[in-house]
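# Examining the three-dimensional arrangement
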Amino acid sequence: MIYITRKESFNAAHKLARPDWSDDHNLEVFGKCANPNWHGHNYQLFVTVKGEVNPETGFLVDLKWMKEIINEHIIDKLDHRNLNLDVDFMKDKLASTENLVIAVWDQLLPHIKAGGAELHCVKIYETENNFVEYFG
């Protein structure tokens, strides 16, 4: 079994706020992340796939293909967008990094499987110090 990771980056705005809560309660629970005027991050996305090396190519997957899959289904939809308002796969979800990483997994899973690999992990760094990993 071999593991390969592709790193991509995107910039996005969001806010953490439940529409069924008051502004004061959202501020109490989410702090400055509930800023009504939004805030943004320079996110880093790591997608790890696993499987066996193809003896004909020496690859698990072609990293160019992996880059195209990630860009088409994730980066093009997230980069310079508002996670709460612009991203179809985040509709009606609280835009936490935890929910984002699960949504990214769900978007990538069928494409990675179709490419002959198994999705192992999706990791998103929200800040230099904070990141979330999801293993399905």
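Every value quoted in this text rests on a predicted model; they were computed, and no experiment measured them.

The rules behind each value
- Residues numbered from 1 in each chain as written.
- Predicted model: local features only at pLDDT ≥ 70, side-chain atom pairs only at ≥ 80, totals over all residues.
- Heavy atoms only, no water.
- Pairing = 2+ DSSP bridges.
- Helix = DSSP H or I, 4+ residues; strand = E, 2+ residues; numbered from the N terminus.
- Phe/Tyr/Trp six-rings, centres within 6.5 Å; stacked < 30°, edge-to-face > 60°.
- Lys NZ or Arg CZ within 6 Å of the ring centre and 35° of its normal.

Here we come to the sheet that holds strand β4 (residues 118-125). The strands that make up a sheet are held in pairs by hydrogen bonds between backbone atoms, and each pair lies either parallel or antiparallel. Strand order in the open sheet made by the five strands is β3-β1-β2-β4-β5, with mixed pairing throughout. Each having just a single partner strand, β3 (81-82) and β5 (131-134) make up the two edges of the open sheet. Looking at chain direction, strand β2 (residues 39-51) and β4 are connected through seven bridges and run antiparallel. From the neighbouring strand, Leu 45 faces β4, where its bridge partner is Ile 124.

As a further point, take the packing of aromatic side chains. Overall, the coordinates contain five aromatic pairs when judged by the stated rule. Through successive ring pairs, a cluster of aromatic residues spans Phe 46, Tyr 125 and Phe 131. Taking the ring centre of Trp 38 as reference, the NZ or CZ of Lys 15 above it sits at 4.6 Å. One Lys or Arg, Lys 123, reaches over the ring of Phe 46 and ends 5.8 Å from the middle of that ring.

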